[in-house]
Amino acid sequence: MKYLKMIAAAGVLVAAGAFAPASASEEATTVAQKALKQDAICTRCHDESEARPVLSIYQTRHGVKADARTPTCQDCHGDSDKHVKGDPGQKGRAKPDVVFRKGSGAYPPDEPAVVAGVCPDCHKSGARSHWSGSQHQREDMSCVSCHEIHTPRDPVLAKQTQPEVCFTCHKEQRAQLHRISTHPVLEGKLGCSNCHNPHGSTGPKLLVKNSVNETCFTCHDEKRGPFLWEHQPVSDDCTNCHTPHGSSNEPLLKARLPWLCQDCHSGDHARSVYSGANLPGGAVTTVNGNKPFQNQAPNAQIVGRDCLNCHSLIHGSNSPAGAKFQR
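Cut-offs applied
- Residues numbered from 1 in each chain as written.
- Predicted model: local features only at pLDDT ≥ 70, side-chain atom pairs only at ≥ 80, totals over all residues.
- Heavy atoms only, no water.
- Helix = DSSP H or I, 4+ residues; strand = E, 2+ residues; numbered from the N terminus.
- Buried < 20%, exposed > 50% of the residue type's maximum accessible area, 1.4 Å probe, protein only.
- Contact = heavy atoms within 4.5 Å.
- Areas by Shrake-Rupley, 256 points an atom, 1.4 Å probe, with all protein chains shown as cover.
- pLDDT = per-residue confidence, 0-100.
- Salt bridge = Lys/Arg side-chain N within 4 Å of Asp/Glu carboxyl O.

## Some words on the overall build of the protein
Then, number 1: A count of helices and strands for the protein gives eleven helices and two strands.
Then, number 2: Ordering the α and β elements of the protein from the N terminus gives α-α-α-α-α-α-α-α-α-α-β-β-α.
Then, number 3: Sorting the 327 residues of the protein into buried and exposed places 26% on the buried side.
Then, number 4: Summarising the internal contacts of the protein: among those between residues at least 6 apart in sequence, 44% fall at separations of at least 24.
Then, number 5: Carbon and sulfur atoms make up 57% of the accessible area of the protein, which totals about 21,900 Å².

## Quick look at the confidence of the model for the protein
Then, number 1: Residue-level pLDDT values for the protein average 81, and 78% of them are 70 or greater.
Then, number 2: In this model residues 1–21 is a low-confidence stretch, pLDDT under 50, and it forms zero contacts with partners more than four residues away in sequence or in other chains.
Then, number 3: The model gives residues 270–282 a pLDDT under 50, and that stretch makes 31 contacts with residues more than four places away or in other chains.

## Quick notes on the pattern of salt bridges
Then, number 1: All chains considered together, the criterion is met by five salt bridges.
Then, number 2: Where lysine 95 meets aspartate 110, a salt bridge forms, and the shortest distance between an N and an O atom there is 3.3 Å. Of this pair, lysine 95 sits in the loop between α3 (81–85) and α4 (112–116) while aspartate 110 sits in the loop between α3 and α4, and the two are 15 residues apart along the sequence.
Then, number 3: On the basis of relative accessible area, lysine 95 is assigned to the partly exposed category, the value being 29%.
Then, number 4: Here lysine 223 ties to glutamate 222 by a salt bridge, and the two come within 2.6 Å at their closest N and O atoms.
Then, number 5: According to the relative accessible area criterion, glutamate 222 is partly exposed, its value standing at 45%.

## Quick notes on unusual backbone geometry
Then, number 1: For the peptide bond that leads from glycine 225 to proline 226, omega is 10°, which places it in the cis range.
Then, number 2: Relative to the elements of secondary structure, proline 226 occurs in the loop between α8 (212–217) and α9 (232–236).
Then, number 3: In this structure, the amide linkage connecting glutamate 250 to the following residue, proline 251, adopts the cis form with an omega of -20°.
Then, number 4: The residue proline 251 is located in the loop between α9 and α10 (259–262) in this model.
Then, number 5: A positive phi angle, close to 60°, is found at leucine 252, a residue other than glycine.
Then, number 6: Relative to the elements of secondary structure, leucine 252 occurs in the loop between α9 and α10.
Then, number 7: On the basis of relative accessible area, leucine 252 is assigned to the buried category, the value being 12%.

## Brief notes about the environment of valine 99
Then, number 1: You can see valine 99 is positioned in the loop between α3 and α4.
Then, number 2: For valine 99, a relative accessible area of 4% puts it in the buried group.
Then, number 3: Between the C-alpha atom of valine 99 and that of aspartate 110, which follows or precedes it by eleven residues, the distance is 5.5 Å.

See below:
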């Protein structure tokens, strides 16, 4: 009898365990049904006939009702009771509690601070944690200034279409990316967000890392070093020599060689690049009216016009001859 009771108790436990997933599934179904009922209050009127169709939100992460974390219309736009039921003290239908963007019907959008205050209820960690006080926030931008919420494919989330969203404000960068030497942004291999964090950053220019060099090293790790012989402008800031969005000089250089190098190196054999002695064959000059004489042969720097012919390890060197970054 004792053993029969033990077997019966075990059977109860097994049965309870067998039905546990079904209860969880039922609970998820209940949550989904409740969410759809809430949405149905809005979708009675708001459908694909809108200027901005809304039903396609169910093709996005914001519309997956199998996930209990998925918001409803009211989670983002507010309960909007006066908009749904009417307000006796107001002529016409009252506006929803939160209107996100211009063109969303007859109602003007709310202030950017109100709009941007809704999304962080869910999106408040990781790359978005520096939004408060960021440059975009100070420019009175909100999440919907860049993001399309109801569309299945948000253009700003895809590398191929993201630049066009950024170019609506950043016209200068659009022009630079059409120069002969650029990063492959227009080809869809890189997006603006590979280098910049539009939600805010601890570094300059909304960079994803704390400095320009750290950001560049995420791709150009061969330039990181450490090197026995360091080139100071390189270790200081890559943009001392390179312009990241596009240049008329390869490879993304701010000026042609040797003139870029001469911004710093004005002495030694570089000091006479512009003198007559550097013209092919030298130049004939006079000193105080005395007999003319032939200057020295032209400087190789002006003939080859490329400092890197000799100083090829310009980013840094571990070679014994590296004090001058030579091969």
